[in-house]
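Topology and contacts: notes
Chain by chain, the residues:
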Amino acid sequence: AARDYIGWLRRKGYLNIEDTFDAVKLPTERQLSPQVDRESFSDGELERILEATKQKELSVLILFAMYTGCRIEELVSLKLGDIHSKKQRYIINIIEGKNENSIRSIPVHKEIEPILVERLTTGETYIFPHGSNNANGTRSDAYSKQFGRIKTKLGFGKEKVFHSIRKTVATKLEQAKVTEGVAADILGHNKETMTYGLYSSGSALEAKIDAIDLIHYDLLSDSAM
């Protein structure tokens, strides 16, 4: 029906464009299938994954995600030069991401600070130097596949993925009564209101430090550290 209407407009001279529907393709069955809602991990589930992660580097990556809320590609793309010190705390600076809100600064949690300090002395370019590069310049593919194999072996379904750790962090912040604006600035989410989303320069560093320090996990094992 839309093609017929466009054709009529063109014949009448009201529209001077080619047939815009020539290149239209119907979505595949996969594209038509409903999206899986991601679920957060519990502390016990994350501990199971850490214990099963025999690849030490992946364990560290998971811990960084647990205490920063960063996306996997944001972490694997971190360079030593993206880490700074301010107010006696190390700060992770995300300098690029999937959208404008991704550009942000995140205080380093005390639980991962020793690991970060050690990596700052390696002389490597990246905090996670073993990232892979695909045709699109993505460095996290290998880590993502490793995580996928481990979580599947442990019986987790499609609703639990690496990105689920971000939901876990968001849940931790909300349960600790961190204001949504501060949580959004840590996670790199959009603020819906005009006052904060358009006009505010963001949360104070002190507020983000206080929020990050509230993130806590009940982990019985320290095998990942």
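Structural data are supplied above this passage.
Residues numbered from 1 in each chain as written. Predicted model: local features only at pLDDT ≥ 70, side-chain atom pairs only at ≥ 80, totals over all residues. Heavy atoms only, no water.

1. Topic: the sheet that holds strand β3 (residues 104-107)
Test applied: We call two strands paired when DSSP finds no fewer than two bridges between them. Helical segments are the DSSP runs of H or I of at least four residues, strand segments are the runs of E of at least two, and each set is numbered from the N terminus. Only the stretch in contact is used when a helix axis is fitted, and all axes are lines through C-alpha atoms; the angle between N-to-C directions ranges over 0 to 180 degrees. Residue contacts follow a heavy-atom distance rule, with two residues in contact if any of their heavy atoms lie within 4.5 Å.
With antiparallel pairing, the 3 strands of this open sheet are ordered in space as β1-β2-β3. With partners counted over all chains shown, the strands left at the sheet margins are β1 (83-86) and β3, one partner each. Each strand of the sheet is rotated relative to its neighbour by a mean of 35 degrees, with strand direction disregarded. Sheet topology places strand β2 (residues 89-94) next to β3; 4 bridges connect them, and they run antiparallel. Residue pairing for β3: Asn-93 is matched across the bridge by Ser-105. In the packing of helix α11 (residues 205-212) onto the sheet, contacts are made with β1, β2 and β3, and the angle to β3 comes to roughly 50 degrees.

2. Points about the packing of aromatic side chains
Both the distance between ring centres and the angle between the ring planes are used here to describe each pair of aromatic rings. To keep it simple, the criterion reads: Any two rings among Phe, Tyr and Trp, with Trp reduced to its six-membered ring, count as a pair given centres within 6.5 Å; such a pair is stacked if its planes are under 30 degrees apart, edge-to-face if over 60, and tilted if neither. The rule is short: NZ of Lys or CZ of Arg within 6 Å of the ring centre and within 35 degrees of the ring normal puts a charge over the ring.
In total, this model carries 8 aromatic pairs according to the counting rule given. One aromatic cluster in this structure is built from Phe-41, Phe-147, Phe-156 and Phe-162. Positioned above the aromatic ring of Tyr-126 is the side chain of Arg-139, whose terminal nitrogen or guanidinium carbon lies 3.6 Å from the ring centre. Its end group placed over the ring of Tyr-217, Lys-172 keeps NZ or CZ at 4.5 Å from the ring centre.

3. Some remarks on the pairing of β2
Rules: Using a 1.4 Å probe on the protein chains alone, a residue whose accessible area is under 20% of its type maximum counts as buried, one over 50% counts as exposed, and one in between counts as partly exposed.
The element β2 is extensively covered by neighbouring structure, given that 5 of its 6 residues are classed as buried. The sheet contact formed by β1 and β2 spans 4 bridges and is antiparallel. Paired with Lys-86 across the two strands is Arg-89, which belongs to β2. Taking the residues between adjacent antiparallel strands as the criterion, β1 and β2 are bridged by 2 residues, where Lys-87 takes a positive phi near 55 degrees.

4. Thoughts on α11
Definition in use: This arc is taken over the directions from the axis of the helix to the C-beta atoms.
Among all positions in α11, only Leu-205, Lys-208, Ile-209, Ala-211 and Ile-212 are buried. Down the axis of α11, the smallest arc covering the buried residues is 165 degrees, so these residues share one side.

5. Quick look at the pattern of salt bridges
Quick reminder of the rule: Only one rule defines a salt bridge in this text: a Lys or Arg side-chain nitrogen within 4 Å of an Asp or Glu carboxyl oxygen.
Applying the stated criterion across every chain, the model contains 8 salt bridges. The residue Arg-104 makes a salt bridge to Glu-74 at a minimum N-O spacing of 2.8 Å. Of the two residues, Arg-104 sits in strand β3 while Glu-74 sits in helix α5 (residues 72-76), which places them 30 residues apart along the sequence. Its relative accessible area of 6% is what places Arg-104 among the buried residues. Sharing partners across several salt bridges, the network here consists of Arg-71, Glu-74 and Arg-104.

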